[in-house]
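# Observations on chain architecture
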Amino acid sequence: MSAAQNIYDNPVFFDGYRKLRENPDSANILLEKPALFELSPDLTGKIVLDLGCGYGKNCAEFYRRGAKSVVGVDISEKMLEVAKSENHGIRFERLDMNDLSALKGKFDVIFSSLAAHYIEDFDKFAEAVSGSLNSGGYFIFSQEHPLTTAPVKGASWAKDADGNADHYILTDYGNTGERNTSWIVDSVIKYHRTFSEILNALINAGLAIEKLIEPIPSREIISRLPGYAKDLHKPSFLLARARKY
Ligand SMILES: C[S@@+](CC[C@H](N)C(=O)[O-])C[C@H]1O[C@@H](n2cnc3c(N)ncnc32)[C@H](O)[C@@H]1O
């Protein structure tokens, strides 16, 4: 295993993250998951890989949608422990996404949900993903939006006189690389890349970009949960579907 950070095995982070994910109004549930599955092709009979599978909830959904086989991999032993205990019959393995050389076989669809911003070398990652796809296969992934990962001091908002978010403070967009952020705990390492760097990595790896989504909350979501109006100023997520020909 490489020296990649494994923050999800930090007990304080693990408990904090679990609480966030239990919230039915989380951005993951309201914005990211619907967009991820909107990008999904028909999974009937498909061989599927999930990179950074976490608790394995998406893996279970891939099966429910007809996948023939599903493998979930993650760097975190604690996340995999939950995945194995909650999803019997699915294969879960410990693997660092920074080095996919140990992956065996080829896949029809490779998913990666909200883990790509933890990868240091996205060009190498895209090459490895492309090499693990069957011809005609799909790579579908989501990550924190590049406007979110940009500020070296972390994402922040200018407030209006009433203390509501007025606009996002964008800095450091072109200053790419490692970000040492505070999210649940201090010193969470993520990587910032520009939009074009992300897309060019996919293109250079022989993947044709078919569709992008930057999820925007519906009016219903904003009227029920006004805090989501911030996402009209700056999306939280970037998602892509790319295809190997
Ligand atoms: C935000 S969670 C998302 C989990 C799951 N994909 C989902 O959407 O519910 C990010 C996951 O990526 C995993 N991860 C982070 N860095 C990784 C790496 N280098 N290799 C493999 N998994 C990694 C974490 O352990 C964690 O389970």
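Here's what I pulled together on the structure shown here.

About the thresholds
- Residues numbered from 1 in each chain as written.
- Predicted model: local features only at pLDDT ≥ 70, side-chain atom pairs only at ≥ 80, totals over all residues.
- Pairing = 2+ DSSP bridges.
- Helix = DSSP H or I, 4+ residues; strand = E, 2+ residues; numbered from the N terminus.
- Axes fitted to C-alpha atoms, helices over the stretch in contact; angles between N-to-C directions.
- Expected span 1.5 Å × (residues − 1).
- Buried ≥ 20, exposed ≤ 12 C-beta atoms within 10 Å, placed from the backbone.

Spatially, the seven strands line up as an open sheet ordered 3-2-1-4-5-11-10, and their pairing is mixed. Of all strands in the sheet, those with a lone pairing partner are strand 3 (91-94) and strand 10 (207-213), marking the two edges. Taking each pair of neighbouring strands and ignoring which way they run, the sheet shows an average axis angle of 20°. Sheet analysis places strand 10 next to strand 11 (residues 237-244), joined by six bridges and oriented antiparallel.

This next bit is on helix 1 (residues 11-22). Two residues of an α-helix separated by three or four positions point the same way, owing to the 3.6 residues in each turn. Between its first and last C-alpha atoms helix 1 spans 17 Å; for twelve residues at 1.5 Å apiece the expected length is 16 Å, and the two agree. Of all the twelve residues making up helix 1, one are buried; the element is thus mostly uncovered.

A few words on the pairing of strand 2 (residues 69-74). Burial analysis of strand 2 places five of its six residues in the buried class, the great majority of the element. Pairing analysis gives five bridges linking strand 1 (residues 47-51) to strand 2, with the strands arranged parallel. Considered in strand 2, the bridge of V48 is made with V70. Two strands pair when backbone bridges link them, and strand 2 and strand 3 are joined in this way by four bridges, in the parallel orientation. Bridge assignment links D74 to a residue of strand 3, and that residue is R94.

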